[in-house]
Amino acid sequence: MDLGISVICSTNKTKMLENIINNFISQDYKEKELIIALNYDIKNLKTFSTLPENISVYNLGSKKSLGECLNFSIEKSKYPIIAKFDDDDYYGPMYLSDTIKSLYKKDIFIVGKSCIYVYFSQEKIIGINNMGRENKYVNRVHGSTLMFKKDLFHKIKFRNIDLGEDKQFCKDSLENGYKIYSTNKYHYVYMRNNENNHTWKISNDYIMKQCVDLNKVENLKEYLAISVNRAKKAYL
């Protein structure tokens, strides 16, 4: 029997709610729930009354830190595995089912992706960041790909901060003896749109220079599907 996964996501952007929900619903993993923590002020939650039963939305207001919102979401979760989603990235249908495989290893409590696809939507260019940091133990993974055993939460919580909470989570975990494992680069894309909309205030040009294997891509989902199929054939 598959372990249930609680997906948590905190957002302060109203226009990203549809993306969050679509990413979750598209997952082929059956035993799952989504907990959305709204990090902005909203008068009522009536607009969310028609959502599926496995999606919960909580209004935490704008005064809570991102770390507090994430901790609150974990406390509300019911499954033994926690997966952190970001509001504006892309998670392929096999993301949860593929990522959780590494958590079945006995000595691993935290997994994620250190090597990731990055898509620059305005330029329609995709590249790979941190090439070579796949399928190995690392010091940290990309915050939007964090997946960990909920038991870890008894000792490690997100700090009460708005920036770098995922990096600090990884650091705190390592210092307490928990290993972090970087899975493959597939099924997830870090989306770079207008750089002013990102928490990580750094230019797209700078990030693009850190990427390799840059390609012009019109249909992102099709490109990713082809990449996954090529990877499968390479192991046959």
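Right, let's walk through the structure included here.

Conventions and cut-offs
- Residues numbered from 1 in each chain as written.
- Predicted model: local features only at pLDDT ≥ 70, side-chain atom pairs only at ≥ 80, totals over all residues.
- Heavy atoms only, no water.
- Helix = DSSP H or I, 4+ residues; strand = E, 2+ residues; numbered from the N terminus.
- Rg over C-alpha atoms; globule rule 2.2 N^0.38 Å.
- Buried < 20%, exposed > 50% of the residue type's maximum accessible area, 1.4 Å probe, protein only.
- Contact = heavy atoms within 4.5 Å.
- Areas by Shrake-Rupley, 256 points an atom, 1.4 Å probe, with all protein chains shown as cover.
- Lys, Arg positive; Asp, Glu negative; His and termini not counted.
- Charge placed at Lys NZ, Arg CZ, Asp CG, Glu CD.
- Pairing = 2+ DSSP bridges.
- Polar contact = N/O pair within 3.5 Å; in protein donor to acceptor, adjacent residues only side chain to side chain.
- Core = buried A, V, L, I, M, F, W, Y, C linked by side-chain atoms within 4.5 Å.
- Axes fitted to C-alpha atoms, helices over the stretch in contact; angles between N-to-C directions.

1. Considering the overall build of the protein chain
Broken down by element type, the protein chain carries six helices and 13 strands. Computed over C-alpha atoms, the radius of gyration of the protein chain comes to 17 Å, within 12% of the 18 Å expected from 2.2 N^0.38 for 236 residues, which places it in the range of a compact globule. Relative to its 236 residues, the protein chain shows a buried fraction of 52%. Across the protein chain, contacts joining residues at least 24 apart in sequence account for 72% of those joining residues at least 6 apart. If you sum the accessible surface of the protein chain, you get close to 12300 Å²; carbon and sulfur atoms cover 49% of it. For the protein chain, the centre of its 36 positive side-chain charges and the centre of its 28 negative side-chain charges are spaced 2 Å apart.

2. With respect to the sheet that holds strand β12 (residues 188–192)
Taking strand neighbours across the sheet as the criterion, the five strands line up as β5-β12-β7-β8-β13 in an open arrangement whose pairing is mixed. For this open sheet the edge positions go to β5 (90–91) and β13 (211–216), each flanked by a neighbour on one side alone. Inspection of the sheet shows strand β7 (residues 116–120) paired to strand β8 (residues 125–129) by five bridges, in the antiparallel sense. Of the residues in β8, the one forming a bridge with Ile116 is Asn129.

3. Some thoughts on the side chain of Ser10
Following the sequence through the fold, Ser10 ends up in strand β1 (residues 5–11). By relative accessible area, Ser10 is classed as buried at 13%. Within polar-contact distance, the side chain of Ser10 engages the backbone oxygen of Ala37 at 3.4 Å. Beyond its immediate sequence surroundings of up to four residues, Ser10 is in contact with Ala37, Asn39, Leu66, Cys69, Leu70 and Asp87.

4. Brief notes about the nonpolar core
Ranked by internal contacts, the top residues of the largest apolar core, which has 37 residues, are Ile5, Val7, Leu34, Ile36, Leu96 and Met147. The element contributing the most residues to this core is helix α1 (residues 17–25), with four residues. Membership of the second largest hydrophobic core comes to 19 residues, among which are Leu66, Ile82, Leu152 and Tyr178.

5. Topic: the sheet that holds strand β4 (residues 81–84)
The mixed open sheet is built from eight strands, whose spatial order is β3-β2-β1-β4-β10-β6-β11-β9. Each having just a single partner strand, β3 (55–59) and β9 (136–138) make up the two edges of the open sheet. Ignoring strand direction, the axes of neighbouring strands in this sheet form an average angle of 25°. Here β9 pairs with strand β11 (residues 179–182) via three bridges, running antiparallel. Counted as the bridge partner of Val138 is Ile180 from β11. Strand contacts of helix α2 (residues 66–76): β1, β2 (32–38), β3, β4 and β10 (147–149), with the helix running at about 150° to β1, the strand carrying the most contacts.

Everything listed here is a matter of coordinates, which is why it stays silent on function.
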